[in-house]
Amino acid sequence: MDDTEQLLTAVEKRAHAAPHREKYPLPAALSTEDVTHAEAALGFPLPPLLAALYTRIANGGFGPEYGLLHLTGGPAPDGEQSVIAQYLAHRRPASEDGQWPWPKGVLPICSLGCGMYSCVDCRNDRTTVLLYEPNADDPHHAWYIDQLDLAGWLRTWLDGTGWYGEDPDDEALEMQPWPDYNARI
């Protein structure tokens, strides 16, 4: 079993073992056709690990804080819109709704509360996970590198060392600003 397979197995086990599963069951996993349709709507492919999370485990509902957002479909029980709906809404010209420009290829995948999201840079081969912190004073101070890749981000969730976890790694609290923001809007 390779590292990715071991990681997916561990995520799947934790996702199904969450204490609130009886009250909030996981949604069904998506088909590869569902992912293909999602990629067509987005205009770019999902990183393989992200696609595997949605096709192998569930269409959201597991992970750090409020869990992964649904990739497709209507709002989650907590009212959060799907990844596709949020990405397309954020990518509207900023002048339309007064929001800051959203970078191309950066998907909000996990709600962290207070308007913050974990996002995956789908245009970066490493699948950098970014923290979007909209409570900053301007958009250039709203984007930080949370983890260098999606696999690392998932591991911090599994082992409880993410900055949002119960036993965060102090080094994670000093996130670096994301330098690619200007080039991607």
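Whatever comes next refers back to the structure up there.
The notes below deal with the structure included here. Everything numeric in this text was worked out from a predicted model, so none of it was measured.

Our next topic: the sheet that holds strand β1 (residues 106–113). If you trace the five strands from one edge of the open sheet to the other, you get β1-β2-β3-β4-β5, paired in antiparallel fashion. Each end of this open sheet is capped by a strand with a single partner; those strands are β1 and β5 (176–177). Both β1 and strand β2 (residues 116–121) contribute to a ladder of six bridges, which runs antiparallel. Bridge pairing in β2 places Val-106 opposite Asp-121. Its contacts with the sheet place helix α4 (residues 83–90) against β1 and β2, and it is angled at close to 110° to β1.

The next point concerns the pairing of strand β3 (residues 129–132). With burial as the criterion, each face of β3 is covered, one bearing Val-129 and Leu-131 and the other bearing Leu-130 and Tyr-132. Sheet analysis places β3 next to strand β4 (residues 143–147), joined by four bridges and oriented antiparallel. The partner of Val-129 across the bridge, within β4, is Gln-147.

Burial analysis of helix α3 (residues 48–57) places seven of its ten residues in the buried class, the great majority of the element. Among the residues of α3, Leu-49, Leu-50, Ala-51, Ala-52, Leu-53, Tyr-54 and Ile-57 are the ones counted as buried.

Bringing the pattern of salt bridges into the picture now. Considering all chains together, one arrives at three salt bridges under this definition. Arg-56 is paired through a salt bridge with Glu-5; the nearest N and O atoms lie 2.6 Å apart. Residue Arg-56 is found in helix α3, and its partner Glu-5 is found in helix α1 (residues 3–17); the two are separated by 51 residues along the sequence. Judged by its relative accessible area of 26%, Arg-56 falls in the partly exposed class. Given the relative accessible area of 31%, Glu-5 is considered partly exposed.

The rules behind the values
- Residues numbered from 1 in each chain as written.
- Predicted model: local features only at pLDDT ≥ 70, side-chain atom pairs only at ≥ 80, totals over all residues.
- Heavy atoms only, no water.
- Pairing = 2+ DSSP bridges.
- Helix = DSSP H or I, 4+ residues; strand = E, 2+ residues; numbered from the N terminus.
- Contact = heavy atoms within 4.5 Å.
- Axes fitted to C-alpha atoms, helices over the stretch in contact; angles between N-to-C directions.
- Buried < 20%, exposed > 50% of the residue type's maximum accessible area, 1.4 Å probe, protein only.
- Salt bridge = Lys/Arg side-chain N within 4 Å of Asp/Glu carboxyl O.

Function cannot be read off these values alone, since they describe shape.
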